[in-house]
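# Coordinate analysis (summary)
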Amino acid sequence: MQSPSARSNKGISGLTSVLGLLALLIGLVLTVLLPAIRLAGWMIMALGVLLLGVAFIIDYRKVGKAITGKRGLFSTGTTVMVSIFIGITILINAISINNYARFDITGLSQFTLTSQTKDVLNQLDEPMQISIFTVPGDPFGDAISTFIEEYENYTEQIKLKTIDPDEFPDQARRFAIDIYPTVVFQSRNNIRVVMPQEIFIQTPDGQVASQMEHPFTSAILEVSGIIQKKIYFLTGHGESSVNDDYGAAAQSLLENLYKVAILDLQMTPRIPSDATALIIAGPESPPTSAESAIIADYLENNGWLMIMLNPGSPPEYARILSEWGVNVQDGTIIDPSSFVSPNVDTPLILGIRNMLGFEKGYFPGATAIIPQEEAPELLIIQPLFYTSKESWLEEDFDSEGESQFDEGTDTIGPLAIGVLIAGVTEADASDVPPEAEDITRIVIVGDSDFASTRFFNGDNGNMFLNMVELLTTGKELISIERKVLPFRRLIVTQETANFINISSIALLPLLVLLVGGVIWWRRR
């Protein structure tokens with residue numbers, strides 16, 4: 001027969017364990033549904049853990065019997081044990097709310113933001129309101145809302161709001177909105193309205209596709225005042241045109257959040273101050289002495305230049321680059337062991353010889369970039385891709401004749417086709433390491449055709465984009481692209497998403513508690 005004090009302890013421990021479990025559940029609900037008072041939710045869960053600990057201490061013998069003994073299977077000790085087990089499960093799930101890893105397993109990686117967008121979101125230092133004007137149940141509006149929620153995972157500055165224009169027509173009229181869904185981006189001083197035709201496009205087969213990331217991130221850049229990187233293409237010397245030969249390259253830069261402009265040094269005798277980088281793509285005629293001086297001065301003042309030269313390019317460009325530790329050769333690379341058939345003068349660069357990490361790229365008619373033996377000590381010269389050791393640089397290449405290596409005349413490989421130069425001039429040298437923006441960067445490629453629209457496919461296009469990124473940020477990206485995704489009508493609404501979140505955290509513990517309660521009731 002149990003003593004009154006034992007029965008009292010049993011009642012106290014059972015009540016304490018139930019109260020502890022209840023506190024954990026309440027704290028979890030507050031943490032999930034009311035993030036503004038998440039601290040209070042954690043405090044209530046801490047109280048629940050404390051109560052479960054007290055219950056265990058009071059009735060630890062019963063807990064032991066519940067675990068090891070048959071008769072104690074449905075005793076108060078079991079109640080304490082089950083409460084502790086469920087409490088630990090709830091606590092682990094609560095901790096996982098803010099400590100988790102996300103994996104995008106969709107075939108098109110449609111929920112993976114590009115690194116450029118993530119960089120933009122990390123730069124936001126002021127709140128931004130994003131309002132989606134859409135009628136309830138519109139799958140297009142729900143798709144936009146789901147996608148912008150992905151932006152919220154990378155910044156706390158974005159506040160998302162969905163507005164029913166039929167219920168609040170005055171707010172729709174404020175922005176002159178008459179078609180839906182429309183997205184409005186607002187900062188303290190700027191407003192940008194993104195219309196549905198910028199988000200959803202008609203594919204050639206009549207399907208609807210979405211391209212949300214590009215217009216949304218561009219709108220954030222515009223509204224926030226974050227300066228977009230601006231790339232100038234030099235013109236006036238027979239260079240590849242951004243409206244023709246380099247149309248695909250220019251469009252890819254635009255789609256990856258760069259601004260693109262052309263620069264004629266005859267009309268504008270200076271490199272604009274808003275130039276992030278200057279690109280010279282395949283010049284056919286020499287620059288004037290004044291233009292050469294402008295380019296040289298730009299480099300000496302920490303400019304960023306990408307220059308693509310072909311065999312037989314004007315020597316004035318090679319003279320400018322010779323001041324930076326490299327010699328641009330006047331010849332054509334022949335690589336009989338690795339070329340794009342049937343053109344032996346189109347070297348094929350495989351992954352083991354591509355420092356950017358791409359599987360393969362090819363260069364139709366390329367020349368070599370050779371570092372000088374006594375290059376300035378303040379420069380880092382890094383080959384980006386190079387040919388095989390069986391290659392050579394042929395000075396008098398004849399596409400109609402048979403190519404053979406002439407010892408003493410031709411230069412044996414391996415030969416660098418692309419080179420990155422980074423450093424400072426002796427005048428800028430100091431004991432303090434320079435900042436990234438104070439370092440001159442030059443990317444030299446011994447071919448301009450590889451990035452022309454004709455060859456701007458596969459790894460060639462990605463290599464061009466990566467070299468621009470390497471030039472303008474000092475880091476390389478293996479893949480940067482604009483995603484145009486087929487629109488799918490199976491959309492998870494916010495209410496459904498909330499249910500999934502809550503049920504995944506609390507449903508299993510509640511089911512265990514319910515089943516345990518039914519068993520106890522039937523066998524008591």
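Residues numbered from 1 in each chain as written. Predicted model: local features only at pLDDT ≥ 70, side-chain atom pairs only at ≥ 80, totals over all residues. Heavy atoms only, no water.

So, about the overall build of the protein. Looking only at helices and strands, one finds 14 helices and 22 strands in the protein. Every one of the 524 residues in the protein was classed for burial, and the buried ones make up 44%. Of the roughly 27700 Å² of accessible surface on the protein, a fraction of 56% belongs to carbon and sulfur atoms. (Helix = DSSP H or I, 4+ residues; strand = E, 2+ residues; numbered from the N terminus. Buried < 20%, exposed > 50% of the residue type's maximum accessible area, 1.4 Å probe, protein only. Areas by Shrake-Rupley, 256 points an atom, 1.4 Å probe, with all protein chains shown as cover.)

Before going further, it helps to examine the sheet that holds strand E4 (residues 191-194). Within the open sheet, the four strands sit side by side as E2-E1-E3-E4. Their pairing is mixed. Edge strands, defined here as strands with exactly one partner in the open sheet, are strand E2 (158-163) and E4. Taken over all neighbouring pairs, the strand axes of this sheet differ in orientation by 15 degrees on average, direction set aside. As defined by bridge partners, strand E1 (residues 128-133) adjoins E2 across six bridges and the pair is classed as parallel. (Pairing = 2+ DSSP bridges. Axes fitted to C-alpha atoms, helices over the stretch in contact; angles between N-to-C directions.)

Taken together, the buried positions of helix H12 (residues 315-322) are Tyr-317, Ile-320 and Leu-321. Seen end-on, H12 carries its buried residues on one side only, within an arc spanning 95 degrees. Of the surrounding elements, those touching the buried residues of H12 are strand E9 (277-281), helix H11 (289-300), strand E10 (304-308), strand E11 (326-328) and strand E21 (440-445). (Arc of directions from axis to C-beta. Contact = heavy atoms within 4.5 Å.)

To continue, consider the pairing of strand E3 (residues 182-186). The element E3 is largely enclosed, with a buried count of five among its five residues. Burial along E3 is two-sided: the residues Thr-182, Val-184 and Gln-186 and Val-183 and Phe-185 are all buried. Note that E3 and E4 share four bridges and pair antiparallel. Looking across to E4, one finds that Gln-186 is bridged to Ile-191. Between E3 and E4, which follow one another and run antiparallel, lie four residues.

What follows deals with the nonpolar core. Phe-385, Phe-464 and Met-467 are the most contacted members of the largest nonpolar core, which has 68 residues in total. Here the element with the most residues in this core is helix H13 (residues 458-473); it accounts for seven residues. Filtering out sequence-adjacent residues up to four positions away, Phe-464 remains in contact with Phe-233, Tyr-246, Ala-249, Leu-253, Ile-279, Met-306, Met-308, Phe-450, Ala-451 and Phe-456. Residues Ile-132, Val-183, Val-194 and Ala-219 belong to the second largest nonpolar core, which totals 25 residues. (Core = buried A, V, L, I, M, F, W, Y, C linked by side-chain atoms within 4.5 Å.)

Together, Asp-244, Asp-245, Glu-284 and Asp-449 make up a region of like negative charge exposed at the surface. Residue class for Glu-284 comes out exposed when judged on its relative accessible area of 65%. (Patch = residues over 30% accessible without salt bridge, like charges linked within 9 Å, V, L, I, M, F, W, Y side chains within 5 Å. Salt bridge = Lys/Arg side-chain N within 4 Å of Asp/Glu carboxyl O. Lys, Arg positive; Asp, Glu negative; His and termini not counted. Charge placed at Lys NZ, Arg CZ, Asp CG, Glu CD.)

Enumeration according to the criterion identifies four salt bridges in this entry. The shortest N-O distance in the salt bridge between Arg-192 and Glu-198 comes to 3.1 Å. We note a salt bridge from Lys-230 to Asp-274, for which the minimum N-O separation is 3.3 Å. In this pair, Lys-230 is assigned in strand E7 (residues 230-234) and Asp-274 in the loop between strand E8 (259-263) and E9, connecting sequence segments 44 residues apart.

A separate point is the confidence of the model for the protein. Residues of the protein with pLDDT of at least 70 account for 74%, and the chain-wide mean is 80. Confidence over residues 104-109 falls short of pLDDT 50; this stretch has ten contacts with residues more than four positions distant or in other chains. Under a pLDDT of 50 for its full length, residues 475-490 has, in the predicted model, 57 contacts with residues more than four places off or in other chains. (pLDDT = per-residue confidence, 0-100.)

The full count for this structure, using the stated rule, is eleven aromatic pairs. Arg-441 extends its terminal NZ or CZ atom over the ring of Trp-304, reaching a point 4.3 Å from the ring centre. (Phe/Tyr/Trp six-rings, centres within 6.5 Å; stacked < 30°, edge-to-face > 60°. Lys NZ or Arg CZ within 6 Å of the ring centre and 35° of its normal.)

With that out of the way, let us pick up the sheet that holds strand E18 (residues 392-394). Overall, antiparallel pairing links the three strands, which are arranged E12-E18-E19 in an open sheet. On the outer flanks of this sheet lie strand E12 (332-334) and strand E19 (411-412), each paired with one strand and no other. Relative to E19, E18 is paired through two bridges, and the arrangement is antiparallel. Its bridge partner being in E19, Leu-393 is matched across the sheet by Thr-411.

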